[in-house]
Structure formats: structure tokens, C-alpha cells
Amino acid sequence: MQDSETIDQLADTPIARAAQAAVQAIGRAGEGLPRPAATRVIVVANQKGGVGKTTTTVNLAAALAMHGLRVLVVDLDPQGNASTALGIDHHAEVPSIYDVLVEGKPLADVVQPVVDVEGLFCVPATIDLAGAEIELVSLVAREGRLQRAIAAYEQPLDYILIDCPPSLGLLTVNALVAGQEVLIPIQCEYYALEGLGQLLRNVELVRAHLNPTLHVSTILLTMYDARTRLAAQVAEEVRTHFAQEVLQTAIPRSVRISEAPSYGQTVLTYDPGSTGALSYLEAARELALRAQVAGTGAVGQQRSGVAAPAAQMVQHSTTEGNR
Ligand SMILES: Nc1ncnc2c1ncn2[C@@H]1O[C@H](COP(=O)(O)OP(=O)(O)O)[C@@H](O)[C@H]1O
Ligand SMILES: [Mg+2]
């Protein structure tokens, strides 16, 4: 009697829960996910800083790779945070995305494998990229340089995830021209929706003039804190207006997620059993399986009108917020 009680109590300790989660995570990681028919190029964008773009890019990429897919992360932020998180050296002399965009170097010359995660690759960004926004202005076909570099890259890839800087300048435009899908991370806090209308209008402009396949395919709620009512309210509002785009999985606020980059790691290798790692594995599964059902091309057609209602919604939220 006493023994079974002890076992019950043990099963409910934090360590037991973590161990159970780790077993689950490892099991799922080995499971495999469907390969898309063609490479899915996903632009992770939101001109607000600190909403989880980089964290989402590297962890989703690692999760997809751990499911057996071939994934490339393109770091398009001069800060090079995605490169850091993937353990890729990015001091000024390292061949980087700058050389590709400004000097016209082939992507193949700057791609590096990520140690620790098979099937995961990275194009690093160095601080040179800070000047690219201005240097690109005078170049031929300045909006399409990344798109052409990706088109000329012959290695087979299942996913390319592009980590954008926190602005809507030429670097982000290059990403939007290169991709078919936009993934918007939204932080569950008060000003979460501010600026979203502007982002959606830009997506719409690029779609209308430069890249007809572009659409917002995915919205991911990040840094979700289940203890606050605000997070729940923001989540609900986003889910109401973007019912089709929002992933069911929300990424919780997690110390493990924020610690991982300082070890040059994603949370999936840093602490595979943590809730943060599990949530990114789950989000990656959803991302991969959803497209399978919807068919990437069809979603593009169907969702092309997303900007209009969303822009209204944002307007509405901002007005409410000002009262
Ligand atoms: N789910 C999370 N839990 C805790 N901290 C997080 C989480 N997601 C991101 N962070 C932290 O928040 C900060 C901003 O995230 P980041 O991904 O760099 O945003 P962005 O690329 O949009 O600027 C970073 O310090 C990161 O470690
Ligand atoms: Mg970033």
C-alpha cells in the first residue's frame, strides 16, 4: 500500500515528468514527417523586435531536421542571432549571406552544416549585412537577389527558413520575394498586434507586384504565459481573426528556450525533454502535416485575401487599446 503510494507520488515529481517528456520527445523526433513535394520556403517575419522570430526559426528548423528532413536556415539579420544559436561562427571574415546578396556569390559557397543536428544547414549573417540595406539600393534587380540565389542552389532541401531582421526594408523584401509562405510569430502581450497591419499590407504588396505565390500560411503564438489573462486574451483574439493560420501549439515562455543560444544550441539539443523543446517539436509536426492536408499551392490561392480583414482587425485592436 505504502509502496504504491510512493510510486504514485514519484510519478508526479518534476523529474519524473521531465523524464517522461524526454522519452516522448525522443520517440517523436525519430518518427519522421512527410517530405513536401517541393522545397517549402518559409519567411519568418515580424518587424517588431523580440517577438521570437529567431528563436522560432532555429528551433522549428532543428525540429524538422530531427524528424528526418533536410533544412536550411538563412540568417538575414545583421545581428546574426540565428547563426549564433546554431553554433555557426559569424565574425566579419566568414563567407555569409552578404556575399550572396551584394557580391552575387553562389549560396553553395556560404552554406555550413550545423554540428549536432543532421540534415540542418545554415547560411550565416555577419555584421557586414548591416550595410547591405543601403548597398542593395543601387544594384540590379535588388528585390530578387535572394530569390535568384535560392533558385540556383541545387542541393535537395525540404525546407528553407529565412530569419528576417526587425524591419520591413530591402532585406525583408528580398525574403518575401524568395518565399512562398510567411510565418508570423506573435508574442502574447499587450502590443502584440500593433504593426501587424503594416506587415500584412507589405506581404500583400509583394504578392501583387513581385511574387504571386506569397501568402501568410502560419501564425505562431510565442512566449505564452498560461498564468496571465492577457496572454489568453491575445491568443483568443489572434485565433478568432486568423482561425486557419494559427497553429494549435503555442510556445510557452521557457527559461530553457532563452538559455540555449548562449551555448550555441537550439533547445532541442540543449534540453530535449523540456516543455520548450516539446512545443517546438509539436509546432513543427503541425506545420509539416497541415500543408500535407491543405496542399501548399491551394492554400496560396485560398488565403490570398487574408490581408484585408486582418488589417481591419488590427485597426480595431489599436483603437480599443487607446481608450
Ligand atoms: N518561448 C520563449 N521563452 C522564453 N524566452 C524566449 C522565448 N522565445 C524567445 N525568447 C527570448 O526572447 C528574446 C527575443 O527572442 P528572439 O527570437 O531573438 O526575437 P526576434 O528574433 O523576433 O527579435 C530572446 O532573448 C529569446 O531568447
Ligand atoms: Mg531575431
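First, a word on scope: everything that follows refers to the structure included in this document. (Residues numbered from 1 in each chain as written. Chains lettered and ligands numbered in written order. Predicted model: local features only at pLDDT ≥ 70, side-chain atom pairs only at ≥ 80, totals over all residues. Heavy atoms only, no water.)

**A few points about helix 9 (residues 196-209)**
The terminal C-alpha atoms of helix 9, which comprises 14 residues, lie 20 Å apart, in line with the 20 Å expected from a rise of 1.5 Å per residue. Within helix 9, burial applies to L196, G197, L199, L200, N202, V203 and V206. (Helix = DSSP H or I, 4+ residues; strand = E, 2+ residues; numbered from the N terminus. Expected span 1.5 Å × (residues − 1). Buried < 20%, exposed > 50% of the residue type's maximum accessible area, 1.4 Å probe, protein only.)

**A word on the pattern of salt bridges**
Enumeration over the complete set of coordinates arrives at eight salt bridges. R40 is the salt-bridge partner of E181, the closest N and O atoms lying 2.7 Å from each other. Pair noted here: E181 is in strand 6 (residues 181-187) and R40 is in strand 1 (residues 40-44), with a separation of 141 residues, a long-range link. Assigned by exposure class, E181 and R40 land together as buried. The closest approach of N and O atoms between R227 and D225, which form a salt bridge, is 3.1 Å. The class for D225 is buried, based on a relative accessible area of 17%. (Salt bridge = Lys/Arg side-chain N within 4 Å of Asp/Glu carboxyl O.)

**Overview of the packing of aromatic side chains**
As enumerated under the stated definition, the model contains two aromatic pairs in all. Both rings, one in Y190 and one in Y191, keep their centres 4.8 Å apart while their planes meet at 65 degrees; by these two values the pair is edge-to-face. Pairing Y263 with Y270 gives two aromatic rings, centres 5.1 Å apart and planes at 20 degrees, and the pair type is stacked. Note on Y263: relative accessible area 52%, which makes it exposed. (Phe/Tyr/Trp six-rings, centres within 6.5 Å; stacked < 30°, edge-to-face > 60°.)

**What to know about the site of ligand 1**
Around ligand 1 lies a shell of 14 residues, among which G50, T54, T55, P252 and S254 are the nearest. One of the backbone nitrogen or oxygen atoms of V51 is found 3.1 Å away from an oxygen atom of ligand 1. In the model, an oxygen atom of ligand 1 is placed 2.9 Å from a nitrogen or oxygen of the K53 side chain. With the chains in place, 78% of the 560 Å² that ligand 1 exposes on its own is no longer accessible. At the level of secondary structure, the elements contributing two or more residues to the shell around ligand 1 comprise helix 3 (53-66) and helix 11 (255-259). Taken together, the residues of the shell around ligand 1 break down into five nonpolar, seven polar and two charged. (Near = heavy atom within 4 Å. Polar contact = N/O pair within 3.5 Å; in protein donor to acceptor, adjacent residues only side chain to side chain. Areas by Shrake-Rupley, 256 points an atom, 1.4 Å probe, with all protein chains shown as cover. Nonpolar A, V, L, I, M, F, W, Y, C, P; charged D, E, K, R; others polar.)

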